[in-house]
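Summary of the model geometry
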Amino acid sequence: MAQAPGGRTLFDEIYDQPDPRAYFGSLGRFGYQTPHHAQPVFRRLVAVQARSGPVTALDLCCSYGLNAALLNHHLTLDDLYARYNSPRVAELETTELIKQDRDFYAAHRREDAVPVVGLDIATPAVDYAVAVGLLDAGFSENLETGPASEALLKAVSTVSLITVTGGVSFLTARTFHQLLRAASEPVWVTAFVLRTGSYQPIADALAEHGLITEVDAGRTAVQRRFTDPQEQRYAVAAVTATGADPTGKETKGCYHTAVHLSRLPQDMTVSYDSLITLDEPARWVRNS
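Summary of the structure given here. (Residues numbered from 1 in each chain as written. Predicted model: local features only at pLDDT ≥ 70, side-chain atom pairs only at ≥ 80, totals over all residues. Heavy atoms only, no water.)

1. Observations concerning the pattern of salt bridges
Rules: Counted as salt bridges are all cases of a side-chain nitrogen of Lys or Arg within 4 Å of a carboxyl oxygen of Asp or Glu. Starting at the N terminus, helices and strands are each numbered in turn, a helix being any DSSP run of H or I of at least four residues and a strand any DSSP run of E of at least two. We call a residue buried when its accessible area falls under 20% of the maximum for its residue type, exposed when it is over 50%, and partly exposed in between, using a 1.4 Å probe and counting protein chains only.
Applying the stated criterion to the full structure yields 8 salt bridges. A salt bridge links Asp 112 to Arg 110; the nearest nitrogen and oxygen atoms lie 2.9 Å apart. Of the charged contacts in the structure, one is a salt bridge between Glu 250 and Arg 195, with a shortest N-O distance of 2.8 Å. A residue pair is termed long-range when its members are at least 10 positions apart, and Glu 250 in the loop between α11 (229–241) and β7 (254–263) and Arg 195 in the loop between β5 (188–194) and α10 (200–207) qualify at 55 residues. Judged by its relative accessible area of 10%, Arg 195 falls in the buried class. Look at the salt bridges and you will find they share partners, linking Asp 216, Arg 219 and Asp 273 into a network.

Right under this line is the structure:
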């Protein structure tokens, strides 16, 4: 695995595969679990928004549609790790896996499922998520380097919730400005953000659209274990540089994220605390 300057491990190659087996195999070795924590949070947000009308979600940096799988299906992250790391699935050709996954997700679909639009620069990952029915629409575009397509802007026009569990480190105000300008309805933005960087520039951009960002910096969720001591040293130094304390979190061997929720003032009748209740680490992580 390659490392970025400073020591952060890169997993770029797992997003360029035609199906998610390498994704689950590589990240599973280090106990990646952010979607596990996000699943109940995103379901609560959808339930609250649904009181006012239909909800469409945009999953930013969606990769293989994992958040859509957990939001809209009677499945856990544990279930998905078990499926994609199983010897039986390992033997399948991608075309056969896509066919089986289409049936698998259809059989586990929740009655309260909502449309999900996916956006990611990784074309193979987005194509897979669309092919198996996890995404109602998928776009492999980089809004950091260019304008959104007309098709993406049209899809975003109905979005009321933007979710992101990974990739915030690679995003700036440019992406969020384009998405929020395209939305015809008030949008909530929920991001699980690594403590190694600052979300403030994005929060400032969201404020230009009238959104107020809330975060409880002391309430965090484990992302994954560090790949090696060098990555841990990088994370501890990066968290310290932000003014936060890594003691008991990054110093114990894992990346941590904080959940940022951005809404219009009139949408804040339901408290952050009641929406952002984080679950315990996933069972498979505790046992590993």
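2. Regarding the sheet that holds strand β6 (residues 212–225)
Where we set the bar: At least two bridges found by DSSP between two strands is the condition for calling them paired. Axes here mean lines fitted to C-alpha atoms, for a helix over just the part in contact, with angles spanning 0 to 180 degrees between N-to-C directions. Residues are treated as being in contact if the distance between any of their heavy atoms lies within 4.5 Å.
Pairing in this open sheet of 7 strands is mixed, and the strands run β3-β2-β1-β4-β5-β7-β6 from one edge to the other. Each edge of the sheet is formed by a strand with only one pairing partner; in this case those strands are β3 (137–139) and β6. Averaged over all neighbouring strand pairs, the angle between strand axes comes to 20°, with direction disregarded. Together, β4 (161–164), β5, β6 and β7 form the strand contacts of helix α2 (residues 34–50), whose direction differs from that of β5 by roughly 165°.

3. Quick word on the packing of aromatic side chains
Spelled out, the test is: In this scheme Phe, Tyr and Trp rings, the latter by its six-membered ring, pair at centre separations within 6.5 Å, and the angle between planes marks the pair as stacked below 30 degrees, edge-to-face above 60, and tilted otherwise. We call a charge positioned above a ring when the Lys NZ or Arg CZ atom is no farther than 6 Å from the ring centre and deviates by at most 35 degrees from the ring normal.
Inspection of the entire model under this criterion finds 11 aromatic pairs. On the numbers, 4.9 Å between centres and 10° between planes, the contact of Phe 24 with Tyr 84 is stacked. Residue Phe 24 is located in helix α1 (residues 21–28), and its partner Tyr 84 is located in helix α4 (residues 77–84); the two are separated by 60 residues in the primary sequence. A relative accessible area of 4% places Phe 24 in the buried class. Tyr 84 sits in the buried class, given a relative accessible area of 3%. Arranged with centres 5.1 Å apart and planes meeting at 70°, the rings of Phe 104 and Tyr 105 form a pair that is edge-to-face. Aromatic ring contacts, followed pair by pair, group Tyr 15, Tyr 23, Phe 24, Tyr 32, Tyr 64, Tyr 81, Tyr 84 and Tyr 128 into a single cluster. The ring of Tyr 84 is capped by Arg 83, whose NZ or CZ atom sits 5.9 Å from the centre of that ring. Above the ring of Phe 104, the side-chain terminus of Arg 83 is found at 4.1 Å from the ring centroid.

4. Focus on empty space enclosed by the protein
The criterion, for reference: Both cavities and pockets are sets of points on a 1 Å grid over the protein atoms alone; in a cavity a 1.4 Å probe fits but cannot get out, in a pocket the set is open with protein on both sides within 12 Å along at least five of seven lines, and lining residues sit with an atom within 4 Å of a point. Grid points are joined across faces, edges and corners, and a volume is the space filled by probe spheres set on the points. Here the nonpolar group is Ala, Val, Leu, Ile, Met, Phe, Trp, Tyr, Cys and Pro; Asp, Glu, Lys and Arg are the charged ones; every other residue, Gly included, is treated as polar.
Under the definition given, this model contains 2 cavities of 30 Å³ or more. Approximately 50 Å³ is the volume found for the largest cavity. For the lining of the largest cavity, the secondary structure elements donating two or more residues are α3 (66–72) and α4. Residue classes in the lining of the largest cavity are distributed as 10 nonpolar, 1 polar and no charged. Of the pockets and cavities examined, the second largest cavity occupies roughly 40 Å³.

5. A word on the nonpolar core
Put simply, the test is: Only buried Ala, Val, Leu, Ile, Met, Phe, Trp, Tyr and Cys residues count toward a nonpolar core, and they belong to the same one when joined by side-chain atoms within 4.5 Å.
Grouped together as the largest cluster of nonpolar side chains are 54 residues, with contacts concentrated most on Leu 80, Tyr 105 and Tyr 128. Top element by residues in this core is α2. It accounts for 6 residues. For Tyr 128, the contacting residues outside a window of four places in its chain are Pro 18, Asp 19, Pro 20, Tyr 64, Tyr 84, Ile 98, Asp 101, Tyr 105 and Leu 134. Counting 30 residues, the second largest nonpolar core, distinct from the first, contains Phe 139, Val 164, Leu 171 and Val 189.

6. Structural notes on the layout of surface pockets
Volume-wise, the largest pocket comes out at about 990 Å³. Around the largest pocket, the lining comprises 43 residues; the ones closest to its centre are Tyr 15, Cys 61, Gly 166, Gly 167 and Phe 170. Contributing elements (two or more residues each) for the lining of the largest pocket: α1, β1 (57–60), α3, β5, β6 and β7. Looking at which element gives the most residues to the lining of the largest pocket, the answer is β5, with 3 residues. Tallied by class, residues from the lining of the largest pocket come to 23 nonpolar, 12 polar and 8 charged. Approximately 390 Å³ is the volume attributed to the second largest pocket. Contributing to the lining of the second largest pocket are 17 residues, with Gln 49, Ser 52, Ser 160, Pro 186 and Asp 267 lying nearest its centre. Its residues placed into classes, the lining of the second largest pocket shows 6 nonpolar, 8 polar and 3 charged.

Just geometry here; none of it tells us what the structure is for.
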